[in-house]
Amino acid sequence: MSTPTRPRQLDIRLSVALERDLRPHRSAKIEAHLRVEIADTGVPAELPAVELAVIIAFDLAEPHRHTVRHALPAALRALPDGISFAVLGSGPEPELCYPVGGEEWAIADTHDKRRAAFAAQALALHRDGPRPAGYAVWMARARALLAARPLSVRHLLLITDGSSGPGDTRLDEELDACAGQFTCDVLAVGNDWAPEPLLTIAERLHGTAEFVEDRLSNAITAAIRRLRRVHSPELPIEVTPRATVRQIGLGEKAPRPHRLGGLFQPGEPGHPPRWRFPTYQWESGVRDYLLTLAVDAEADPLETDLQFAMVSIGDRSVPVVARWHRADDRKPCVVDPDGGASVRSMKEATAMHLALRTGLRALDPLQREMAERHLGEAARLATRLGAEHVLENIRVFADIIDVEAGRIRLHTTVNTETLGKRILWAGSRPGGPLTEAPARTGSGPRCADCEHRAGREARYCIKCGGQLL
């Protein structure tokens, strides 16, 4: 989709945190919290518009024509000069509504934007006839169009009311074909769309999914403005594992969940093999990842720091180091006392949003016992993590009885009119990183027996006398 090398001006910071003292066995699992921070020192404020290609696609039924007539002309007139754009409408199949005259792409200037705004009045929308067979056909049409536009950032902006959603059987297959070709944001309008496929599209194609109640024009303009803040369209994370590592998993957890597919890279002569995980649309800010390594530890030495992988992004690299010890031995203090807490916090945040999403889905059709169980678990974790916004969503449908025990009681009457919007929110997790960076202090390790923090140079705990490593 773009050049994977990073611009020289970007300042990348990479850190890894994990609990490094673990029990060895044939299928041991090491989990690490990766944090990548990008600063835009010396980088132009906006990506040149000539490096962007954007498709604005309207998967809407005829009753929403008034929305299109109000929003689309204003959004087109607000396009930055020089951007490549196309507008798709919806007949029996997605059809190119602009540009006209046999061209597939328009280059925005004053004249073209005026013509596009005029053509938007006649945009094809779903009528009573056949509908496109699900979101897969929109993905396939966008993929074909964008393949002929090899620019730095290639993006689909899908505005949908769910008209073509029913009957979709090829979405996963088509998303596999689209991965790495372009990114996609989804804007949902109306009340008849199903949230799950929209969340799937956003997760797989490294975009966002959100509900737009009004001011659609502003939402389209904001999405394109965000694209122009992209400093590196693609930036792969590479993991070079130790020979005993059998499996590698990497998932982006914050600020939004994105599924990362690993590409195996055979090692060149004299270099070990590695796994490459493409990531996209890097703005300045912070992203958090969970790295999972499945390790055969049967032949590894005990009580010895071992490097299990090297993680790299841009020109930054950090090792993943841990040590094995037997269950019946005195457990030494962890090398990074905050690492385990960082990983646990990330996993709890993931579990919280999954429980919230599952509990909300159980409200329609109403499965009271399941909804109360999962929403109660979400409330318990939200309280532990200080996620007040999750508790606010739960209180819309239930009373929280005992938050520590995860007990809630659904309201006698459950209003499901806004349920889809809240599921969409729960799945896309807006609001920034879910985990805080581990505090870096000058203090030493924490004793495994009494939890007392020792000084940096201490070898024995001054409280209980236990040996520190």
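Residues numbered from 1 in each chain as written. Predicted model: local features only at pLDDT ≥ 70, side-chain atom pairs only at ≥ 80, totals over all residues. Heavy atoms only, no water.

Caption draft 1: Representation of the nonpolar core in the model. In terms of nonpolar packing, the biggest core is built from 38 residues, with F58, L76, F85, I159, L216 and I220 touching the most fellow members. When residues of this core are traced back to their parent elements, those giving at least two are β4 (52-59), α1 (65-77), β5 (84-90), β6 (94-98), β8 (153-160) and α6 (216-227). Sort the elements by how many residues they give to this core and α6 lands first, with six residues. Each residue touching I159, except ones within four places of it in the same chain, is listed here: I56, A57, F58, D59, L60, L187, V189, L216 and I220. (Core = buried A, V, L, I, M, F, W, Y, C linked by side-chain atoms within 4.5 Å. Buried < 20%, exposed > 50% of the residue type's maximum accessible area, 1.4 Å probe, protein only. Helix = DSSP H or I, 4+ residues; strand = E, 2+ residues; numbered from the N terminus. Contact = heavy atoms within 4.5 Å.)

Caption draft 2: Seen up close, the packing of aromatic side chains. One pass over the full model with this rule turns up four aromatic pairs. A centroid spacing of 5.8 Å and a plane angle of 15 degrees characterise the contact between F85 and Y98, whose relative ring orientation is stacked. Here Y98 lies in strand β6 and F85 lies in strand β5, a separation of 13 residues in the sequence. We classify F85 as buried; its relative accessible area is 1%. When its relative accessible area of 3% is taken as the criterion, Y98 is described as buried. A ring pair is formed by F308 and W324, whose centres lie 5.4 Å apart and whose planes are at 80 degrees; its orientation type is edge-to-face. Remark: W324 occurs in strand β20 (residues 316-324) and F308 occurs in strand β19 (residues 306-313); sequence separation between them is 16 residues. W324 gets classed as buried once you look at its relative accessible area, which sits at 0%. (Phe/Tyr/Trp six-rings, centres within 6.5 Å; stacked < 30°, edge-to-face > 60°.)

Caption draft 3: Representation of the pairing of strand β12 (residues 237-241) in the model. Two elements, β12 and strand β16 (residues 274-277), share three bridges in a ladder whose sense is antiparallel. Across the sheet, the residue bridging to E238 is R276, located in β16. Across five bridges, β12 lies against β19 in antiparallel orientation. Within the sheet, the bridge partner assigned to P241 lies in β19 and is A309. (Pairing = 2+ DSSP bridges.)

Interpretation in functional terms is not warranted from these geometric data alone.
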